[in-house]
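# Analysis of the macromolecular model
Here's the letter readout for the chains.
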Amino acid sequence: MRILFVAAEASPIAKVGGMGDVVGALPKILRKLGHDVRIIMPYYGFLPDKVDIPIEPVWWGDAMFQKFAVYETLLPETDVPLYLFGHPCFSGRNVYGGDDEYWRFTFFANGAAEFAWNYWKPQIIHCHDWHTGMIPVWMSNSPDISTVFTIHNLAYQGPGREMLEKITWCPWHMQGDNAMAAGLQFADVVNTVSPTYAAQIKTPEYGENLHGLLSWISGKTRGIINGIDTEKYNPATDRLIAQNFTPETIEKRRLNKVRLQEESGLEINRNAFLIGMVTRLVEQKGIDLVLQTLERFLAYTDAQLIILGTGDRFYETQLWEISARYRGRISVQLLHNETISRRVYSGIDAFLMPSRFEPCGISQMLAMRYGAIPIVRKTGGLVDTVPFFKPTENEGLGYCFDRYEPLDLYTCMIRAYEGFRFKDAWQKLQVRAMSQDFSWYRSSEDYIKMYREVIGEAPELTAKEQKIIAQKVK
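The rules behind the values
Residues numbered from 1 in each chain as written. Predicted model: local features only at pLDDT ≥ 70, side-chain atom pairs only at ≥ 80, totals over all residues. Heavy atoms only, no water. Core = buried A, V, L, I, M, F, W, Y, C linked by side-chain atoms within 4.5 Å. Buried < 20%, exposed > 50% of the residue type's maximum accessible area, 1.4 Å probe, protein only. Helix = DSSP H or I, 4+ residues; strand = E, 2+ residues; numbered from the N terminus. Contact = heavy atoms within 4.5 Å. Pairing = 2+ DSSP bridges. Axes fitted to C-alpha atoms, helices over the stretch in contact; angles between N-to-C directions. Disulfide = S-S within 2.5 Å. Right-handed = clockwise from strand over helix to strand, strands pointing away.

### A word on the nonpolar core
- Ranked by internal contacts, the top residues of the largest apolar core, which has 97 residues, are Tyr44, Leu47, Leu184 and Tyr451.
- Top element by residues in this core is helix H2 (residues 101-118). It accounts for eight residues.
- Beyond its immediate chain neighbours, meaning those up to four positions away, leucine 47 contacts Ile13, Ala14, Met41, Pro42, Ile53 and Leu84.
- Core analysis: the next-biggest nonpolar cluster, separate from the first, contains 69 residues, Leu294, Leu382, Ala433 and Phe438 among them.

Structure follows, in structure tokens:
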């Protein structure tokens with residue numbers, strides 16, 4: 001199949017959230033399975049620092065009374081063709097933000113549609129979030145190009161109908177109050193990045209005022225769990241961590257904990273219960289719950305906490321102040337750093353993720369890959385990836401709580417703290433978590449079936465696809 005991914009992000013060259021992980025990993029796997037998958041994304045001003053880009057474009061186009069250029073290169077360390085949409089409006093060093101954000105990404109979506117019509121024609125355009133929401137509308141007039149629309153974050157829905165009609169072409173039959181709603185209605189298939197989130201967004205609590213529309217289109221909605229790059233994130237070979245280890249050599253992992261304590265300014269104590277967070281510091285991620293719970297938890301236990309991330313200035317300030325009061329027990333690193341994140345995953349005992357909502361979540365899977373036990377709220381993809389730990393039955397992968405309340409989080413953290421005291425059982429839990437298969441090969445099977453369904457082919461995998469996936473999936 002010929003599939004064009006259209007997105008604002010692609011890891012490792014431009015990643016802000018989970019969308020970047022999906023767009024950077026899934027095309028690589030699909031190409032290994034024999035499909036012609038390519039990516040088009042904006043040519044941000046910082047990209048020449050991360051990837052070699054030819055001076056001359058491969059194609060020039062016009063959209064919204066503007067000329068744009070398209071440059072062709074490869075996604076780093078892959079054979080995935082990467083097309084970069086070049087225009088001065090994307091020359092800054094930021095992915096999102098600015099007063100012209102709605103105009104910029106609508107222009108990008110329009111240019112990507114022109115590219116698909118006039119330069120490289122795919123069978124399927126895989127659109128990601130509101131930035132590409134108008135593409136399914138325009139492609140509804142092109143029966144030979146099907147569209148898949150993936151929801152990564154329903155909270156951001158793009159420009160409203162009034163603005164869209166002023167800046168771009170809106171067909172007479174277009175429906176929807178904003179770019180996200182238009183994409184949902186006109187895409188041939190809509191998918192979310194976990195089955196539980198696909199069900200939750202049909203309710204008022206999670207639907208961001210689109211729950212009625214999402215219920216109406218439920219027949220074409222799918223939920224496919226995200227994967228992680230198990231080759232890149234591999235504690236047995238990762239050069240960014242202090243000590244490599246495997247499930248069979250889990251005892252070597254202790255050195256990573258001591259090194260992390262040394263490097264982050266925490267008291268060196270291998271017996272302390274070390275909790276970590278690698279996250280955006282925003283309300284969605286449950287930072288308000290952490291702030292309401294943390295001091296009581298520290299008073300009851302000898303636990304330590306390390307937080308890595310950036311976000312809302314209010315949360316950054318609150319965390320910075322509390323870390324100053326608990327020197328040696330709390331370390332707050334207000335930055336985004338891949339090396340430090342790997343060291344956190346490989347050194348902490350438990351990974352805290354008390355999200356208000358979570359479409360899928362990658363961090364909890366990365367944590368388990370490196371032997372850190374998740375403490376999560378039962379929502380979205382966290383339900384699908386972190387089954388509740390039942391020590392008497394020797395099953396489950398993490399500690400979970402239901403209500404978005406400080407007391408519920410506190411109780412869950414105490415249960416994890418008490419569980420950590422039983423070292424043999426905790427180590428068995430770590431080994432079980434590390435042994436899970438969260439690779440993209442497992443998820444790719446569902447994506448291939450969805451793609452074949454959308455173009456009217458039988459969804460069964462070919463013998464070649466089945467063989468490759470069987471070799472990679474445990």
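We are not done yet, so read on.
### A closer look at the sheet that holds strand E11 (residues 304-308)
- Taken together, the six strands give an open sheet; going across it, the order is E12-E11-E10-E13-E14-E15, and neighbouring strands pair in parallel fashion. Only two strands of the sheet have a single neighbouring strand rather than two, namely strand E12 (330-333) and strand E15 (399-401). Ignoring which end each strand starts from, the neighbouring axes of this sheet average 15 degrees apart.
- As paired elements, strand E14 (residues 373-377) and E15 share three bridges and run parallel to each other. Each residue of the ladder has a partner; that of valine 376, found in E15, is cysteine 400.

### Some details on the state of the cysteines
- Applying the stated criterion across every chain yields a total of zero disulfides.
- Of the cysteine sulfurs around cysteine 170, a residue in no disulfide, the closest is that of cysteine 127, at 16 Å.
- Here cysteine 412 is not disulfide-linked; the sulfur of cysteine 400 is the nearest cysteine sulfur, at 6.5 Å.

### Notes on the pairing of strand E7 (residues 146-151)
- With six of six residues buried, E7 lies mostly within the body of the structure.
- On E7, burial covers both faces: Ser146, Val148 and Thr150 on one face and Thr147, Phe149 and Ile151 on the other are all buried.
- Here five bridges tie strand E6 (residues 124-128) to E7, and the two strands are oriented parallel to one another. When the sheet's bridge partners are listed, isoleucine 124 is paired in E7 with serine 146.
- At this point the chain moves from E6, through helix H3 (residues 134-139), to the parallel E7, and the crossover so formed is right-handed.
- Relative to strand E8 (residues 189-192), E7 runs parallel, the two being bridged by four bridges. What sits directly across from valine 148, in E8, is valine 189.

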